Amino acid sequence: MKKYANRFATPDAVSGYENAEYAPDGYAALIWGLQKPFLHGIFEARHKGVGSCRLLDFACGTGRVLGFCEEFCSVSDGLDISSAMIAKAEARCRQSRLVVGDICTEAILLEQPYDVITAFRFLLNAEPPLRVAVLEQLRKRIHSEHGILIVNMHGNSASARRFPLCLRRFRARVDPAKHQEVMMAEMSLAETRVLLRNAGFRVIREIGFGVVPGFLYRSMLKPICHWLDGRLCGSNFFKSISTDVIFVCAPI
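Residues numbered from 1 in each chain as written. Predicted model: local features only at pLDDT ≥ 70, side-chain atom pairs only at ≥ 80, totals over all residues. Heavy atoms only, no water.

K.L.:
I'd like to hear about the environment of Ser-235, residue by residue, with values.
P.N.:
Residue position: Ser-235 is located in the loop between helix H9 (222-232) and strand E7 (244-251). A distance of 3.3 Å separates a polar atom in the side chain of Ser-235 from the backbone nitrogen of Phe-237. (Helix = DSSP H or I, 4+ residues; strand = E, 2+ residues; numbered from the N terminus. Polar contact = N/O pair within 3.5 Å; in protein donor to acceptor, adjacent residues only side chain to side chain.)

So, in structure tokens, the structure goes:
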């Protein structure tokens, strides 16, 4: 399995991610469509309380999140370790500054205190030591009084995602050459909370998305699945079994 920092180092890897993982009518894209109104609401509520907003989108990738959020901010920066990812983001982000760099090794990189820091699809994919190191660096760059960190964990171990994941693990053991690059990480909500708390953040809100098993989206039931997930997203009752959970955090 490639390390996180090297996973999207080439244009081909980036194109594969965009065309497969985020195909326009695929599961990830549909879940992202459900998340956008909630993100908009978070920025809108924050703007009413504080005013202008400086945003850092860490591990911004191809600019999916940054391109959506930048319009709600007076200043917006995107950071990624992959120049191939940033090249894609340049076509999507109209007003953001895009930077290639390693936040863990470049001490003066993007130092200003940010009002909002987003980091999507990072916690699950990164190796445990990297998760800790990055969150510590983000804590140093967030406004200590009114800053908020918005991260997601898109592989809840208590969700229905676990069942196909077990099958994929079995296939990887049977044929490691064919399945060795499959991303098979998972985390519990409790593990995520502890990770955030140890890095100096307190969780103030959790929002769940994707209760229906993702594999059903590949069947004729897809329209019903999407409708049902649309009705259930944001529900506190179903949050614990949602595949993708957004954590809104404040610095301790």
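Now that the structure has been shown, the text picks up again.
K.L.:
I'd like a description of the packing of aromatic side chains, backed by residues and values.
P.N.:
Under the criterion given, the structure shown has 8 aromatic pairs. The interplanar angle of 85 degrees and the centroid separation of 5.2 Å between the aromatic rings of Phe-38 and Phe-209 together place this pair among those described as edge-to-face. With Phe-38 in helix H2 (residues 27-50) and Phe-209 in strand E6 (residues 201-209), this residue pair connects regions lying 171 residues apart in the sequence. Three or more aromatic residues joined by ring pairs form one cluster here, namely Trp-32, Phe-43, Phe-68, Phe-72 and Phe-120. Directly above the ring of Trp-32 sits Arg-64, whose terminal nitrogen or CZ lies 4.7 Å from the centroid. (Phe/Tyr/Trp six-rings, centres within 6.5 Å; stacked < 30°, edge-to-face > 60°. Lys NZ or Arg CZ within 6 Å of the ring centre and 35° of its normal.)

K.L.:
Before we move on, can you summarise the environment of Asp-115 with the specific residues and values?
P.N.:
Here Asp-115 is to be found in the loop between strand E3 (97-100) and strand E4 (116-119). Under the relative-accessibility criterion, Asp-115 is labelled buried at 2%. Between the C-alpha atom of Asp-115 and that of Glu-145, which follows or precedes it by 30 residues, the distance is 9.0 Å. When sequence neighbours within four positions are dropped, the list of residues in contact with Asp-115 reads Arg-46, Ser-52, Cys-53, Arg-54, His-143, His-146, Gly-147 and Ile-148. Among the polar contacts made by the side chain of Asp-115, one reaches the side chain of His-146 at a distance of 2.8 Å. (Buried < 20%, exposed > 50% of the residue type's maximum accessible area, 1.4 Å probe, protein only. Contact = heavy atoms within 4.5 Å.)

K.L.:
Residue-level account of the packing of helix H1 (residues 11-21) against helix H4 (residues 83-92), with values.
P.N.:
Taken N-terminus to C-terminus, the directions of H1 and H4 make an angle of 55 degrees; their axes are 8 Å apart at the nearest point. With respect to H4, the axis of H1 lies oblique. When H1 is examined against H4, the residues Pro-11, Val-14, Ser-15, Tyr-17 and Glu-18 are found in contact with a partner set consisting of Ala-84, Met-85, Lys-88 and Arg-92. Of the residues in the contact of H1 with H4, the class split is 5 nonpolar, 1 polar and 3 charged. (Axes fitted to C-alpha atoms, helices over the stretch in contact; angles between N-to-C directions. Parallel < 35°, antiparallel > 145°, perpendicular 65-115°, else oblique. Nonpolar A, V, L, I, M, F, W, Y, C, P; charged D, E, K, R; others polar.)

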